[in-house]
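Fold and geometry: a report
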Amino acid sequence: VQLQASGGGSVQAGGSLKLSCDTSGIIFSITDMGWYRQAPGKQRELVALSITNGTRLYEDSVKGRFAISRDNAENTISLQMHSLKPEDTAVYYCNRKLTDRELPFAYWGHGTQVTVSS
C-alpha cells in the first residue's frame, strides 16, 4: 500500500487549500476512504470520510468548510478546504476507514503539513 498526500502549505486564516492523495495497493473503488489529521500533542482524528455509496461525512468542526471527493479511476482522494482556521493546523493524511483498534497500528504513508496563521 502506498499513500502519498500533497497540497499542504502555509496560509492565513480564512484561506483555502486543496489536498490530494495518490494511492496504490488498495481496491479503491470498494474502499471507504478518509482524510485524517494530527495536530501537535493531539491524537489523530478523522475529519472527512468518503463512503463508496456516495455518502460523505465530516467531523463537526469542518462541516461546511471542507469537501472530500474521490476519483475511482485514478485512485485518488482530495480534500478542498475553505475558511481555514488556526485550529486546522495539523499534518493531514489519507487512509481507508479504520476502526479505533486499527488506528494505532495502521500504515499512514506520507502526510502533508497544513499551517494556518491568525
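Figured I'd write up the structure that's included with this text.

1. As for the side chain of Thr89
You can see Thr89 is positioned in the loop between strand S8 (76-81) and strand S9 (90-96). Separated by 2.9 Å, the side chain of Thr89 and the backbone oxygen of Pro86 make a polar contact. Once you skip the residues sitting within four places of it in the chain, Thr89 turns out to touch Ala39, Gln113, Val114, Thr115 and Val116.

2. So, the packing of aromatic side chains
Working definition: an aromatic ring pair is given by the centre-to-centre distance plus the angle between the planes. Within the structure shown, the criterion is met by 2 aromatic pairs. Geometrically, the ring pair formed by Tyr36 and Trp108 is edge-to-face, given 4.9 Å between the ring centres and 75° between the ring planes. One end of the pair, Tyr36, is in strand S4 (residues 33-38); the other, Trp108, is in the loop between S9 and strand S10 (112-117), with 72 residues separating them in the sequence. Of the two residues, Tyr36 and Trp108, neither departs from the other in class, the shared state being buried. On the numbers, 5.8 Å between centres and 65° between planes, the contact of Tyr93 with Trp108 is edge-to-face. Highlighted residues: Tyr93 in strand S9 and Trp108 in the loop between S9 and S10, separated in sequence by 15 residues. The residues Tyr93 and Trp108 share a single accessibility class, namely buried. One aromatic cluster is present, formed by Tyr36, Tyr93 and Trp108 through successive ring pairs. Positioned above the aromatic ring of Trp108, the side-chain terminus of Arg44 is 3.9 Å from the ring centre. Above the plane of the ring of Phe28 lies Arg70, whose end atom (NZ or CZ) is 4.7 Å from the centre.

3. Section: the sheet that holds strand S5 (residues 45-50)
Read from one edge to the other, the open sheet built from 6 strands follows the order S2-S10-S9-S4-S5-S6, with strand pairing classed as mixed. Of all strands in the sheet, those with a lone pairing partner are strand S2 (9-12) and strand S6 (56-58), marking the two edges. With strand direction ignored, the average angle separating the axes of adjacent strands in the sheet is 25°.

Criteria and thresholds
- Residues numbered from 1 in each chain as written.
- Predicted model: local features only at pLDDT ≥ 70, side-chain atom pairs only at ≥ 80, totals over all residues.
- Heavy atoms only, no water.
- Helix = DSSP H or I, 4+ residues; strand = E, 2+ residues; numbered from the N terminus.
- Polar contact = N/O pair within 3.5 Å; in protein donor to acceptor, adjacent residues only side chain to side chain.
- Contact = heavy atoms within 4.5 Å.
- Phe/Tyr/Trp six-rings, centres within 6.5 Å; stacked < 30°, edge-to-face > 60°.
- Buried < 20%, exposed > 50% of the residue type's maximum accessible area, 1.4 Å probe, protein only.
- Lys NZ or Arg CZ within 6 Å of the ring centre and 35° of its normal.
- Pairing = 2+ DSSP bridges.
- Axes fitted to C-alpha atoms, helices over the stretch in contact; angles between N-to-C directions.

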